[in-house]
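Breakdown of the fold
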Amino acid sequence: RLAQQMRKDATHKKIQQRPTVSDTISSGRLRADPRKLHPSLHRKMQQLSKNFLKDSLNRKLANRPGGTDLMSRGVLHADPQRQPAPSLQATMAALQRNMLKDQLHRRIQNRSSPDELQQRGILRADPTNGPDAAILQGALALDSAMKRDKLNQTI
């Protein structure tokens, strides 16, 4: 008797908490008010909705860009048939970045010093920096004066 009363109370509580028809329609659990539609029309409406979605997906799949188009836009980075699995692509890109970084660091470490470049005539000395600045400025002024004198003598 007690168990029967408990079931009755639980059922009564669930009925009171049950959402209304308008709530189920607005939340999308029901497509239309079942009290206003014949069941066969309701099934037909669901079938039409399903077919509409299917047709829409097929149109989108037919119009999607190909692999070469995606490669030209920069979405794909290599030939899709030769590319590794998508789970490895991010790792591969990070590895390539790190390899490039390492290569640049090695080249920077092995580059010639400014003194060596000056000796080979690739880099000019900056007359405003260093301990020889006054001497170098004087040498440049003397060189330009000599060129001016030579030009004046030829005229």
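As a reminder, the structure under discussion sits directly above these lines.
In terms of helices and strands, the chain carries 7 helices and 0 strands. Ordering the α and β elements of the chain from the N terminus gives α-α-α-α-α-α-α. Of all 155 residues assigned to the chain, the portion counted as buried reaches 5%. A sequence separation of at least 24 residues applies to 0% of the contacts in the chain between residues at least 6 apart.

To continue, consider the pattern of salt bridges. Considering all chains together, one arrives at 3 salt bridges under this definition. Salt-bridge contacts for aspartate 69 lead to arginine 73; the nearest nitrogen and oxygen are separated by 2.9 Å. Within this pair, aspartate 69 and its partner arginine 73 are both found in helix α4 (residues 67-73), separated by 4 residues, close to a single helical turn. Residue aspartate 69 is classed as partly exposed on the basis of its relative accessible area of 31%.

With that out of the way, let us pick up the environment of arginine 124. For arginine 124, the location among the structural elements is in the loop between α6 (114-119) and α7 (133-154). Judged by relative accessible area, which is 76%, arginine 124 ranks as exposed. Along the backbone, arginine 124 and proline 114 are 10 residues apart, and their C-alpha atoms lie at a distance of 9.0 Å.

Another aspect to go through is the side chain of threonine 24. Structurally, the position occupied by threonine 24 is in helix α2 (residues 21-27). Residue threonine 24 is classed as buried on the basis of its relative accessible area, which comes to 12%. Contacts of threonine 24, omitting those with residues within four sequence positions, involve Pro19, Arg29 and Leu30.

What counts, and where the lines are drawn
- Residues numbered from 1 in each chain as written.
- Predicted model: local features only at pLDDT ≥ 70, side-chain atom pairs only at ≥ 80, totals over all residues.
- Heavy atoms only, no water.
- Helix = DSSP H or I, 4+ residues; strand = E, 2+ residues; numbered from the N terminus.
- Buried < 20%, exposed > 50% of the residue type's maximum accessible area, 1.4 Å probe, protein only.
- Contact = heavy atoms within 4.5 Å.
- Salt bridge = Lys/Arg side-chain N within 4 Å of Asp/Glu carboxyl O.

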